[in-house]
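Observations on the three-dimensional arrangement
What follows is each chain in one-letter form.
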Amino acid sequence: MPDVRSVLADAVMRLGERADAELLLLHVLQQQRGWLFTHADDVLDMDVQTAFAALVARREKGEPVAYLTGRRGFWTLDLEVSPATLIPRPETELLVELALQRLPPVTVCSVADLGTGSGAIALAIARERPRAQVIATDASAAALAVAQRNAQRHAIGNVAFVHGDWLAPLAGQYFDLIVSNPPYIEAADPHLTQGDLRHEPANALASGPDGLDDIRRIVRDARTHLHPGGWLLFEHGWNQGAAARALLAESGYTEVFTAKDLESRDRVSGASYFARLNS
Ligand code: GLN
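Summary of the structure given here. This one's a predicted model, so the numbers in the text were calculated from it and none came from an experiment.

**Focus: helix α4 (residues 46–60)**
Structural remark: α-helix, 3.6 residues per turn; residues separated by three or four positions point the same way. In this model, α4 (15 residues) spans 21 Å end to end at C-alpha, consistent with the 21 Å of a helix rising 1.5 Å per residue. Residues of α4 that are buried include every one of Val-48, Gln-49, Phe-52, Leu-55, Val-56 and Arg-59, and no others. Projected onto a plane normal to the axis of α4, the buried residues spread over an arc of 130 degrees and lie on a single side. Relative to its buried face, α4 has exposed residues pointing more than 90 degrees away, namely Met-46 and Asp-47. Directly beyond the C-terminal end of α4, a positive phi value near 110 degrees is found at Gly-62.

**Brief notes about the pairing of strand β6 (residues 175–180)**
Burial runs high along β6: five of the six residues are buried. Across four bridges, the pairing between strand β3 (residues 109–114) and β6 is parallel. Within β6, the residue paired with Ala-112 across the bridge is Ile-178. Looking at chain direction, β6 and strand β7 (residues 226–235) are connected through five bridges and run parallel. Of the residues in β7, the one forming a bridge with Phe-175 is Leu-226. Once the chain exits β6 it traverses helix α9 (residues 213–222) before rejoining the sheet at β7, and the crossover so formed is right-handed.

**Looking at the site of the ligand**
Lining the immediate surroundings of the ligand are Leu-86, Arg-89, Glu-91, Asn-181, Pro-182, Pro-183, Tyr-184, Ile-185, Leu-197, Ala-204, Leu-205 and Glu-235. Arg-89 places a side-chain nitrogen or oxygen 2.9 Å from an oxygen atom of the ligand. Within the backbone of Leu-205, a nitrogen or oxygen atom sits 3.5 Å from an oxygen atom of the ligand. Protein chains shield 85% of the accessible area of the ligand, which is 300 Å² for the free molecule. Across the shell around the ligand, the residue classes break down as eight nonpolar, one polar and three charged.

**Focus: the nonpolar core**
Ile-125 and Val-159 are the most contacted members of the largest nonpolar core, which totals 35 residues. A total of seven residues in this core trace back to one element, the largest contributor, which is helix α7 (residues 120–128). Aside from chain neighbours lying at most four places away, what touches Ile-125 is Val-96, Ala-99, Leu-100, Leu-103, Val-111, Val-134 and Val-179.

**Remarks on the pairing of strand β8 (residues 254–260)**
Bridge count for β8 against strand β9 (residues 266–273) is five bridges, and the pairing is antiparallel. The partner of Lys-260 across the bridge, within β9, is Asp-266. Once β8 ends, the chain turns through five residues before running back antiparallel as β9, passing Ser-264 with a positive phi of about 60 degrees.

**Considering the pattern of salt bridges**
Scanning all chains against the criterion turns up 19 salt bridges. One salt bridge connects Arg-14 with Glu-60, and the closest N-O pair in it is separated by 2.6 Å. Taken together, the residues Arg-14 in helix α1 (residues 4–15) and Glu-60 in helix α4 connect sequence positions 46 residues apart. Note that Asp-78 is salt-bridged to Arg-153, the shortest N-O span being 2.8 Å. Placement of the pair is Asp-78 in strand β2 (residues 77–80) and Arg-153 in helix α8 (residues 141–153), with a sequence separation of 75 residues. Take Asp-78: its relative accessible area is 29%, and that puts it in the partly exposed class. Classification of Arg-153 as partly exposed rests on a relative accessible area of 48%. Because the salt bridges share partners, they merge into one network encompassing Asp-261, Glu-263, Arg-265 and Arg-267.

About the thresholds
- Residues numbered from 1 in each chain as written.
- Predicted model: local features only at pLDDT ≥ 70, side-chain atom pairs only at ≥ 80, totals over all residues.
- Heavy atoms only, no water.
- Helix = DSSP H or I, 4+ residues; strand = E, 2+ residues; numbered from the N terminus.
- Expected span 1.5 Å × (residues − 1).
- Buried < 20%, exposed > 50% of the residue type's maximum accessible area, 1.4 Å probe, protein only.
- Arc of directions from axis to C-beta.
- Pairing = 2+ DSSP bridges.
- Right-handed = clockwise from strand over helix to strand, strands pointing away.
- Near = heavy atom within 4 Å.
- Polar contact = N/O pair within 3.5 Å; in protein donor to acceptor, adjacent residues only side chain to side chain.
- Areas by Shrake-Rupley, 256 points an atom, 1.4 Å probe, with all protein chains shown as cover.
- Nonpolar A, V, L, I, M, F, W, Y, C, P; charged D, E, K, R; others polar.
- Core = buried A, V, L, I, M, F, W, Y, C linked by side-chain atoms within 4.5 Å.
- Contact = heavy atoms within 4.5 Å.
- Salt bridge = Lys/Arg side-chain N within 4 Å of Asp/Glu carboxyl O.

The following block contains the structure:
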């Protein structure tokens, strides 16, 4: 009989991943995780089996689970994602933590999130700091539409979304904190042609020969958008910490630091900036 247990066992065998199989089946059934514990013997309708088999086949061909279900959890938020957005990564929560450390809970402050994608970073900060005014930019209108739906779905009202490249749409605006998870993979990195990365937007992943093209631009341009003593924080690759710190120091930032993710890899660098009157 095609009960939940046997249909799942078959999918786990094909995908080699129990978690992926469960997420796809729960998505078809529109159920939460706990449902599986109590329904292992349920017989599945034919249309559910067909829909599940189609998703398993797509996963077998390499499509990321998050694009198949259209969802990914980040921080405390269940977010819509689409192939127009990067899939939020758990290591990016470090960037949110470092941002929150610099944003007092009770005072009004201004934050920009550059290249927001699904809105993950901007929405997590805005949710934790209701008095922060957050502006999220993205060069992709399709990504911004996803981010905007995520804000609406979670009733997060203190984020505004603007279309454009990095700081370009923020002319004349100043922030206490600028955050970004820009593309930072080297253009020739073979990982770009493997696994989930093949399906993610290339311009959200790769950034020139050394992966630092967009980071260089953000470090340069953020200076004219920070209040005195404001902070710039950005994510980068495990092997880019020294380069990121050098860029920040050369550009006149102070309190330059790199933070490591849970796997002890360099992951986020940041610094503060005081504009100099005669430079
Ligand atoms: N951390 C991602 C990866 O290596 C890349 C994300 C990014 O470029 N911002 O898969």
